[in-house]
Amino acid sequence: MDTIDKIKQQIEENKIILYMKGSPEAPMCGFSAQASQAVMACGKEFAYVDILQNPDIRAELPKYANWPTFPQLWVNGELIGGCDIMLEMHQNGELSEVIASA
Ligand SMILES: N[C@@H](CCC(=O)N[C@@H](CS)C(=O)NCC(=O)O)C(=O)O
Ligand code: FES
């Protein structure tokens with residue numbers, strides 16, 4: 001399967017999916033750590049992909065998403081945003097709402 005198809009499948013099959021560096025338990029970058037903590041605080045199960053272990057996705061997702069960096073949170077097939085957006089939405093309560101809608 002080519003990388004774009006793999007990405008599309010992941011996003012379709014997982015209502016909440018976080019593309020990040022490392023894992024929520026062992027994040028490998030401060031941005032990914034903060035983002036995964038905000039998502040975890042919403043209390044709903046979510047999928048994640050460690051892009052450090054998936055260099056093809058690291059290379060292709062930014063083009064597909066039209067978003068240059070990681071982490072990236074996707075909910076219901078749509079890009080929500082990166083770390084700054086997740087933290088802002090966590091602070092104003094919108095992150096839980098979006099995640100609850102998944
Ligand atoms: N301001 C960004 C911070 C994230 C960021 O700058 N990520 C960088 C460093 S971890 C990145 O993903 N660079 C591309 C790469 O490492 O593939 C956000 O809101 O998500
Ligand atoms: S890995 Fe260096 S800032 Fe994320």
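Residues numbered from 1 in each chain as written. Chains lettered and ligands numbered in written order. Predicted model: local features only at pLDDT ≥ 70, side-chain atom pairs only at ≥ 80, totals over all residues. Heavy atoms only, no water.

### Focus on the overall build of the protein chain
Helix and strand counts for the protein chain come out as 5 helices and 4 strands. Expected size for 102 residues packed as a compact globule is a radius of gyration near 13 Å; at 12 Å, the protein chain falls within 12% of this value. Viewed in the frame of its principal axes, the protein chain has a C-alpha envelope of about 35 × 25 × 20 Å. The buried share of the protein chain, taken over its 102 residues, is 39%. Restricting the contact set of the protein chain to residue pairs at least 6 apart, pairs at least 24 apart contribute 61%. For the protein chain, the exposed surface amounts to about 5,700 Å²; the carbon and sulfur share of it is 48%. For the protein chain, the distance from the average position of its 7 positive side-chain charges to the average position of its 14 negative side-chain charges is 5 Å. (Helix = DSSP H or I, 4+ residues; strand = E, 2+ residues; numbered from the N terminus. Rg over C-alpha atoms; globule rule 2.2 N^0.38 Å. Buried < 20%, exposed > 50% of the residue type's maximum accessible area, 1.4 Å probe, protein only. Contact = heavy atoms within 4.5 Å. Areas by Shrake-Rupley, 256 points an atom, 1.4 Å probe, with all protein chains shown as cover. Lys, Arg positive; Asp, Glu negative; His and termini not counted. Charge placed at Lys NZ, Arg CZ, Asp CG, Glu CD.)

### Section: the pattern of salt bridges
Tallied over the full model, the rule gives 2 salt bridges. With a closest N to O distance of 2.9 Å, Asp56 and Lys6 form a salt bridge. In this pair, Asp56 is assigned in helix H3 (residues 55-65) and Lys6 in helix H1 (residues 3-13), connecting sequence segments 50 residues apart. With relative accessibility at 27%, the residue Asp56 sits in the partly exposed group. With a shortest N-O distance of 3.4 Å, Lys63 and Glu60 are connected by a salt bridge. Linking Lys63 with Glu60, this pair stays in helix H3, spanning 3 residues, or about one helical turn. (Salt bridge = Lys/Arg side-chain N within 4 Å of Asp/Glu carboxyl O.)

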